[in-house]
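Fold and contact review
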Amino acid sequence: KQWYQRRVAITAGGAEEALIKKEPVPKKEKVPKKGKKGKEARSWDMGGKSMEGIDFSSGADASNIKLKDESYLKGTMSGDLSGFNEEASTEEEEESDEEMSNGASNGTTNGAAKTGGMFSFLKNINFSTQQTVSSESLVPVLDKLKEHLTSKNVASEISVQLCDSLESSLVGKSYSTFTGLTSTARQALSDALTKILSPKRRVNVLRDVMEAKSKGRPYIITFCGVNGVGKSTNLAKVCFWLLDNGYRVLVVGGDTFRAGAVEQLRTHVVRLANLYTEDQVQLYERGYGKDPAGLTFEAIKYAKERRYDVVLVDTAGRMQDNEPLMRALSKLVALNNPDLTLFVGEALVGNEAVDQLVKFNQSLIDNSQTAVAGTKSVIDGILLTKFDCIDDKVGAAISMTYITGQPIVFVGTGQQYPDLKSLNVKSIVSALLR
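Since the model is a prediction, treat every value here as computed from it, not as a measurement. (Residues numbered from 1 in each chain as written. Predicted model: local features only at pLDDT ≥ 70, side-chain atom pairs only at ≥ 80, totals over all residues. Heavy atoms only, no water.)

When you go through the protein chain residue by residue, the secondary structure sums to 12 helices and 10 strands. In the protein chain, buried positions account for 46% of the 434 residues. Sequence-distant contacts in the protein chain: of pairs separated by 6 or more residues, those separated by 24 or more amount to 78%. Of the accessible surface of the protein chain, which amounts to about 23,200 Å², a share of 49% is contributed by carbon and sulfur atoms. (Helix = DSSP H or I, 4+ residues; strand = E, 2+ residues; numbered from the N terminus. Buried < 20%, exposed > 50% of the residue type's maximum accessible area, 1.4 Å probe, protein only. Contact = heavy atoms within 4.5 Å. Areas by Shrake-Rupley, 256 points an atom, 1.4 Å probe, with all protein chains shown as cover.)

If you want it as structure tokens, here you go:
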């Protein structure tokens, strides 16, 4: 194809046109790129009949796990668990008492002491020396107290109960100093909270393990809960605590659904076996796609034959309203009848954890009777994770114990194996009084 360009030259005498021929520009030929070898697509079997195509747990080599020296951890958790923030709560109580005493010695008898937190509300009571406290003078105080408790995730029903307890302790009594008033209020709230946090049944794991061992059988603990709350990690902490107390532990990879669940447990078991011995701790797993109830049954039989003291069963995370998965969990619990079924909840989610616990418990009750005739499964205890991250928002812990009547057996307080504590009632009271 020929291309032309017209140039018009204008001169003083007229116009002259010139045709200038422009040569066509040849097109560049496209050079094909060198082909890259792409990633081959993996073939997934989604028929639900076979899991061999996606099960890579059997080929894992435990020797490839990098280990570091953690021998300094041994012996740090022998005996009963220490209470969370126990020393700090005692110091805070002593400082508060000293502050109130200083205020009283300075003549501040009508709430002028520098008392913060919950007790600052008591400054609103209008009373003089030897005057009796009335219900009317407590009304604004109790309203402020309810707001204070609600801000710390305490359920409304529990807030009312605590306010009633405080009112009954103060009304009709005379106080000559602000120190006497706050001391009585502190004791009243402490007694009420202790009563709420004291469950219907107490769980002493070390004692129960010894009792089961004397009968020639392993003590079985099942961990259940929603996705991502830290079941496997805190199972490893409990395992470390039991190993530090001289017990032999069998860890069961009952989460046959989540990818990487078995490998995660294997890593923990290899680390713990490096701390102690392979004879003291072992992982029992059969890969993915297996029936968790049947797998756990086989594991318990294996533990009895090899005389393990404790069996820790990991389960897949599931939402409380997922009926098929809840039915499978009920079958596992009903068939194997564990000594302790622990609900693992996250302290950070507040009262959402209470809703999860209530629905988990009810679902276990409803489904267990159909899973195995004549049985009734319930949640026996609670393990609260990330308890070190909630500061003074401790209301969810109180609500969980109050509503279900089940004890908070463990609280997780960090990422390391020793970061497992028991619930300290004094620390809960101290957090609420701040």
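Resuming the write-up.
Moving on, we come to the layout of surface pockets. Put simply, the largest pocket is a space of about 560 Å³. If you trace the largest pocket, you find 21 residues lining it, with Arg202, Val203, Ile408, Val409 and Ser422 closest to the centre. Partitioned by chemical class, the residues of the lining of the largest pocket number 13 nonpolar, five polar and three charged. (1 Å grid on protein atoms, 1.4 Å probe; cavity = no way out; pocket = protein on both sides within 12 Å on 5 of 7 lines; lining within 4 Å. Points joined across faces, edges and corners; volume = space filled by probe spheres on them. Nonpolar A, V, L, I, M, F, W, Y, C, P; charged D, E, K, R; others polar.)

Let us look at the packing of helix H8 (residues 292–305) against helix H9 (residues 323–336). At a minimum axis separation of 8 Å, H8 and H9 run at an interaxial angle of 25°. With respect to H9, the axis of H8 lies roughly parallel. Note on packing geometry: the crossing formed by H8 with H9 is right-handed. Contact residues: Pro292, Ala293, Thr296, Phe297 and Ile300 in H8; Lys331, Leu332, Leu335 and Asn336 in H9. The residue inventory of the contact of H8 with H9, partitioned by class, reads six nonpolar, two polar and one charged. (Axes fitted to C-alpha atoms, helices over the stretch in contact; angles between N-to-C directions. Parallel < 35°, antiparallel > 145°, perpendicular 65-115°, else oblique. Left-handed = near helix turned anticlockwise from the far one by under 90°.)

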